[in-house]
Amino acid sequence: MHAERSSPFHILLVEDEPVIRELVRSMLSDGTVDVVCAADGLEGLKLAKDRSFHLILMDVVLPQLDGVSVCRILKSDPVTARVPLYMLTAKAKKSDVENATLAGADGYIHKPFRGTELMALVDRLRLEAATS
């Protein structure tokens, strides 16, 4: 990934699987990207409201509060509504994608995901943030 701006690009990853959290964090963190992790929906919701992020990656199946509900809450709040939110999940049925889209998700990344797919998304959003 190339540095498009001097300040870090902040990503919130809400994922209950420790292995996936660490994989995504190590894949995307490069000094210009900062990945903050939450292990459940309530923690993710609190972090999203307390801090400013450029991208939120959210699992659907989460303890405490599911990802679609967190998405719906964040997209209905003017402070967090404009933050791109992508579901990162193994729930791949058409109805799952429709539910996430109706809740306001900006995209849907299926597990198992390719690292290049995730890095391309981050690069694209960083470029958009740098030019806006």
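One structure accompanies this document, and this report is about it. Only a predicted model underlies this, so the values are computations on that prediction, with no experimental measurement involved.

Procedures and definitions
- Each chain has its residues counted from 1, running along the sequence as written.
- For this predicted model, a pLDDT threshold of at least 70 governs which residues receive local features, and a threshold of 80 or more governs which side-chain atom pairs are given and counted, while totals over whole chains, interfaces and linings are taken from all residues.
- Each side-chain value is worked out from all heavy atoms of the structure, with water and hydrogens disregarded.
- Segments assigned H or I by DSSP are reported as helices when at least four residues long, segments assigned E as strands when at least two residues long, and all are numbered from the N terminus.
- Here the globule rule is a power law, 2.2 Å times the number of residues to the power 0.38, and the radius of gyration is based on C-alpha atoms.
- Exposure classes here rest on a 1.4 Å probe applied to the protein chains alone. A residue is buried below 20% of its type maximum, exposed above 50%, and partly exposed in between.
- Surface exposure here means Shrake-Rupley accessible area, sampled with a 1.4 Å probe, where a residue is shielded only by the protein chains that are shown.
- We score Asp and Glu as negative and Lys and Arg as positive, and we do not count His or the chain ends.
- A single reference atom marks each charge: NZ on Lys, CZ on Arg, CG on Asp, CD on Glu.
- Strands were regarded as paired on the criterion that DSSP finds at least two bridges between them.
- Handedness of a crossover is defined as follows: orient the strands so they point away from the viewer, and if the path from the first strand over the helix to the second runs clockwise, the crossover is right-handed.
- It is the directions from the helix axis to the C-beta atoms whose arc is reported.
- Working rule for contacts: check all heavy atoms of both residues, and any pair within 4.5 Å makes them a contact.
- Here a polar contact is recorded for every N or O atom pair within 3.5 Å, except that within protein the pair must consist of a potential hydrogen donor and a potential acceptor, and residues adjacent in sequence are included only if both atoms are side-chain atoms.
- To obtain each axis, a line is fitted to C-alpha atoms, and for helices this fit is confined to the stretch in contact; angles are then taken between N-to-C directions over 0 to 180 degrees.
- Angle categories are assigned with fixed cut-offs, so that under 35 degrees is roughly parallel, over 145 is roughly antiparallel, 65 to 115 is roughly perpendicular, and the rest are oblique.
- By the definition used in this description, the sense in which the near helix is turned from the far one sets the handedness, with an anticlockwise turn below a right angle giving left-handed and a clockwise turn giving right-handed.

Some details on the overall build of the protein chain
Here's step 1: Within the protein chain one finds five helices and five strands.
Here's step 2: Secondary structure elements of the protein chain, listed N to C terminal, follow the sequence β-α-β-α-β-α-β-α-β-α.
Here's step 3: The C-alpha radius of gyration computed for the protein chain amounts to 14 Å, which stays within 12% of the reference 14 Å derived for 132 residues, consistent with globular compactness.
Here's step 4: Seen through its principal axes, the protein chain has C-alpha atoms that stretch 35 × 30 × 25 Å.
Here's step 5: The buried share of the protein chain, reckoned over its 132 residues, is 46%.
Here's step 6: Carbon and sulfur atoms form 55% of the exposed surface of the protein chain, whose accessible area is close to 6,800 Å².
Here's step 7: Averaged over its 16 positive side-chain charges, the protein chain has a centre that lies 3 Å from the centre of its 19 negative ones.

What to know about the pairing of strand β3 (residues 55-58)
Here's step 1: Burial along β3 is two-sided: Leu55 and Leu57 and Ile56 and Met58, pointing in opposite directions, are all buried.
Here's step 2: As paired strands, strand β1 (residues 9-14) and β3 are joined by four bridges and run parallel to one another. In the sheet register, Leu13 faces β3, and the bridge partner there is Leu57.
Here's step 3: Bridge analysis of β3 against strand β4 (residues 85-89) gives three bridges, and the strand direction is parallel. Note on β4: the bridge partner recorded for Ile56 is Leu85.

Regarding the pairing of strand β5 (residues 107-110)
Here's step 1: As judged from the four bridges shared by β4 and β5, these two strands associate in the parallel manner. Bridge pairing links Tyr86 to Gly107 in β5.
Here's step 2: The handedness of the β4 to β5 crossover, carried by helix α4 (residues 94-103), is right-handed.

Some words on helix α2 (residues 41-50)
Here's step 1: Among the residues of α2, those classed as buried are Gly41, Gly44, Leu45, Leu47 and Ala48. Along the axis of α2, the buried residues cluster in a sector spanning 165°; they form a single face. Projecting away from the buried face of α2 at angles above 90 degrees are the exposed residues Lys46 and Asp50.
Here's step 2: Packing partners of the buried residues in α2 comprise β1, β2 (33-38), β3 and α3 (67-75).
Here's step 3: Capping of α2 at its N-terminal end is provided by Asp40; its side-chain oxygen lies 3.0 Å from the backbone amide nitrogen of Leu42.

Overview of the packing of α2 against α3
Helix-helix packing is characterised by the crossing angle of the two axes and by the distance between the axes.
Here's step 1: It is the contact of α2 with α3, at a shortest axis distance of 10 Å, that shows an interaxial angle of 20°. Our classification of the angle between α2 and α3 gives roughly parallel. Handedness of the α2/α3 crossing: right-handed. Residue-level inspection shows Gly41, Leu45, Ala48 and Lys49 of α2 in contact with α3, the latter providing Val70, Ile73 and Leu74.

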